[in-house]
Amino acid sequence: MENRGKSRLTQGQKPTWTWIAVLVGSLILGAAATALLGGGAAFSVGGWLVLSFILYVVAMYIVTRVIENGRKATDGLWRNLIYGAFLLALLPLVSVIWTVLSQGIPGLMNPGFFASDMNGVTGAVDLKTAREEANPLGGIQHAVVGSLLITLTATLISVPIGLLTSIYLVEYGRDGWLSKAITFFVDVMTGIPSIVAGLFAAGVMAALVGRGANVMGFSAAVALSVLMIPVVVRSTEEMLRVVPNELREASYALGVRKWRTILKVVIPTAISGIASGVTLAIARVIGETAPILVTAGVALTTNWNMFKDWMMSLPVYIYRQLMNPTAPGAPDISSERAWGAALVLILIVMLLNLIARIIAKAFAPKKTGR
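The residue numbers shown here count from 1 along each chain, following its written sequence. Only residues with pLDDT of at least 70 get local features here, since the model is predicted, and only at 80 or more are side-chain atom pairs given and counted; chain-wide, interface and lining totals rely on the full set of residues. Side-chain numbers come from the whole structure's heavy atoms, not from hydrogens or water.

Colleague: In this structure, what is going on with the side chain of Ser52? I would like to understand it.
Modeller: Labels follow the DSSP assignment, with helices taken as runs of H or I lasting at least four residues and strands as runs of E lasting at least two, numbered in each case from the N terminus. You can see Ser52 is positioned in helix H2 (residues 45-67). Burial here depends on accessible area, computed with a 1.4 Å probe over protein chains only, as a share of the maximum for the residue type. Under 20% is buried, over 50% is exposed, and the range in between is partly exposed. Residue Ser52 is classed as buried on the basis of its relative accessible area, which comes to 4%. Between two residues, a contact is recorded if the distance between any of their heavy atoms is within 4.5 Å. Residues contacting Ser52, with those up to four places away along its chain left out, are Ser26, Leu27 and Gly30.

Here's what the structure looks like:
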């Protein structure tokens, strides 16, 4: 008599709970093997997870091959390996975010962290803070102001140059010798080390205003623009090439001039990708340290003048607080400031991405229903 409790469609298939049972067994065996291989040392969570994953992949392959067939077992093997690669790629990102959050939040909670700079904060002050004789002093106001001003100035320099260059390459240059030369040099600029960009900017400004007076925020903005321009050019060029030629031809058929077609049709169609490319370029340079050290130097007070005196930025502030603590006898106070500044830097990059999405949505071509 045929078994009514089992459908012919599900014969030869694994039960739905198989992967859960195999996963639990792999975790248990992985924990036991990790403890034995550790030889009495501290239990390694990372080693346990890696070993458990290997056991899970092998066990699922064997179980699937026995219950079902070799084809499904091979398919499941590669699917599990792809999932594992994804989790492995995600692990550093999660680890960085968790570390910055756990280490940076205490620094953000200090009173005056955003509204004060390092003027008057000495090693004696940090030693008193470490002995809990005084509240934590010193903030990142000067570094935030410096980073925002330098990055904004670099963006104002880079975006027009990059956008106009991309328009020439796509709309006018075609395959001419000049467009090929520009493309070659843009590719070369993409790989320029940041310290070289800083030295170039320092040399150019020294030739213009004299050595000694060239250490200022505008020099740092010029250095960052050298790094931003190739990213803006490449990303904008690709977005402009994606715009269908039919849109251009329709505009030309109506008698619209080429420059107006580019301004009113091509750029609005590609504005979403252009905004993303500009955001990528800003994120590329806002965390640079070497060119700003060479050009803008180090400052303890807030400087709003881009053309005079030294100017602090968040990457330089983080580097200085970690490598040269204000009080060598109490480095934890400086480390707390550095982690807080690192968290602020990440939040600024996230805010820039959000702004780019809002701009792209606001200026994207409107869809009309039929």
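Colleague: Hey, could you run me through helix H10 (residues 258-285) in this one?
Modeller: The α-helix advances 3.6 residues per turn, and as a result positions three or four apart in sequence lie on the same side. What a helix should span is 1.5 Å times the count of its residues minus one. In this model, H10 (28 residues) spans only 34 Å end to end at C-alpha, well below the 40 Å of a helix rising 1.5 Å per residue. Bend at a residue means the angle formed by two fitted axes: the first through the 7 residues ending at that position, the second through the 7 residues beginning there. Along its length, H10 reaches its greatest deviation from straightness, about 60°, at Ile271.

Colleague: Mind showing me how you'd approach the confidence of the model for the protein here?
Modeller: When pLDDT is low, close inspection of the predicted coordinates is not appropriate. In this model, the protein carries an average pLDDT of 84, and 93% of its residues clear a pLDDT of 70 or more. What pLDDT reports is the predictor's confidence in each residue, on a scale of 0 through 100. Mean pLDDT per element in the protein: helix H4 (residues 123-130) is the minimum at 80, and helix H5 (residues 141-173) is the maximum at 91.

Colleague: I keep staring at the nonpolar core and nothing clicks. Help me out?
Modeller: Across soluble globular proteins, nonpolar side chains have a tendency to be buried as a group. In this description, a nonpolar core means a group of buried Ala, Val, Leu, Ile, Met, Phe, Trp, Tyr and Cys residues linked to one another through side-chain atoms lying within 4.5 Å. Among the nonpolar cores identified, the biggest contains 50 residues, and Ile140, Ile150, Leu224, Leu240, Leu314, Tyr317 and Val344 are the most heavily contacted of them. Among the secondary structure elements, those contributing two or more residues to this core are helix H3 (70-108), H5, helix H8 (217-242), H10, helix H12 (314-323) and helix H13 (331-363). With residues up to four places along the chain from it excluded, the contact list for Ile150 reads Gly217, Ala220, Ala221, Leu224, Ala296, Met306 and Met311. Ala201, Met216, Val222 and Ala223 belong to the second largest nonpolar core, which has five residues in total.

Colleague: I would appreciate a short explanation of the pattern of salt bridges in the present structure.
Modeller: Pairing between side chains of opposite charge can happen when the charged atoms of each approach one another. Any Lys or Arg side-chain nitrogen found within 4 Å of a carboxyl oxygen on Asp or Glu counts as a salt bridge. Applying the stated criterion to the full structure yields six salt bridges. Two residues, Glu171 and Arg248, come together in a salt bridge whose shortest N-O distance is 2.8 Å. Of this pair, Glu171 sits in helix H5 while Arg248 sits in helix H9 (residues 245-253), and the two are 77 residues apart along the sequence. Here Glu171 and Arg248 have matching classes, each one buried. Residues Arg284 and Glu288 are paired through a salt bridge, measuring 2.6 Å at the closest nitrogen-oxygen approach. The partly exposed category is assigned to Arg284, whose relative accessible area is 31%.

Colleague: What is the right way to read a nonpolar patch on the surface from this model?
Modeller: Exposure above 30% relative accessible area and the absence of a salt bridge qualify a residue for a patch, where like charges join within 9 Å and nonpolar side chains (Val, Leu, Ile, Met, Phe, Trp, Tyr) within 5 Å. Accessible surface is estimated by sampling points in the Shrake-Rupley manner with a 1.4 Å probe; for residues, cover comes only from the protein chains shown. Judged by side-chain polarity, Val50, Phe53, Ile54, Val58, Ile62, Val66, Ile67, Trp78 and Leu81 come together as a nonpolar surface patch covering roughly 840 Å² of accessible area. For the nonpolar patch, the secondary structure elements donating two or more residues are H2 and H3. Per element, the largest residue contribution to the nonpolar patch is seven residues, and it comes from H2. Note that Val66 resides in helix H2.

Colleague: Is there a simple way to explain the packing of aromatic side chains in this structure?
Modeller: Where two aromatic rings form a pair, the distance of their centres and the angle of their planes describe that pair. A pair of Phe, Tyr and Trp rings is counted when the ring centres sit within 6.5 Å of each other, with Trp represented by its six-membered ring. The angle between the planes then sorts it: under 30 degrees is stacked, over 60 is edge-to-face, the rest tilted. Counted according to the given criterion, the structure contains three aromatic pairs. With a centroid separation of 5.5 Å and 85° between ring planes, the pair formed by Phe113 and Phe114 is classed as edge-to-face. The exposure class assigned to Phe114 is partly exposed, which follows from its relative accessible area of 46%. A cation over an aromatic ring shows up here: Lys258 above the ring of Tyr172, its NZ or CZ 4.6 Å from the ring centre. Cation placement over rings: the criterion is NZ of Lys or CZ of Arg within 6 Å of the ring centroid and within 35° of the ring normal.

Colleague: Looking at this structure, I do not really get the side chain of His142. What am I missing?
Modeller: Along the polypeptide, His142 turns up in helix H5. Excluding residues within four positions of it along the chain, His142 makes contact with Asp117, Met118, Ala299, Leu300, Thr301, Thr302, Met312 and Tyr317.

Colleague: Help me understand the environment of Asn245, please; the structure alone is not making it clear to me.
Modeller: Along the chain, Asn245 turns up in helix H9. Asn245 gets classed as partly exposed once you look at its relative accessible area, which sits at 49%. Placed 21 residues apart in sequence, Asn245 and Val266 show a C-alpha to C-alpha distance of 9.4 Å.

Colleague: Explanation requested: the packing of H2 against H3 in the structure shown.
Modeller: A packed helix pair is summarised by two numbers, namely the angle formed by the two axes and the spacing between the axes. To get an axis, a line is fitted to the C-alpha atoms, and for a helix only the part in contact is used. The angle between two axes follows their N-to-C directions and goes from 0 to 180 degrees. The contact between H2 and H3 brings their axes to 8 Å, and the two run at 160°. By the angle class used here, H2 and H3 are roughly antiparallel. The crossing of H2 and H3 is right-handed. Contact residues: H2 offers Phe53, Tyr56, Val57, Met60, Tyr61, Thr64 and Arg65, while H3 offers Gly70, Lys72, Ala73, Thr74, Leu77, Asn80, Leu81 and Gly84. Roughly parallel here means an angle under 35 degrees, roughly antiparallel means over 145, roughly perpendicular means 65 to 115, and every remaining angle is called oblique. The handedness criterion is simple: a crossing whose near helix is rotated anticlockwise from the far helix by less than a right angle is left-handed, and one whose near helix is rotated clockwise is right-handed.

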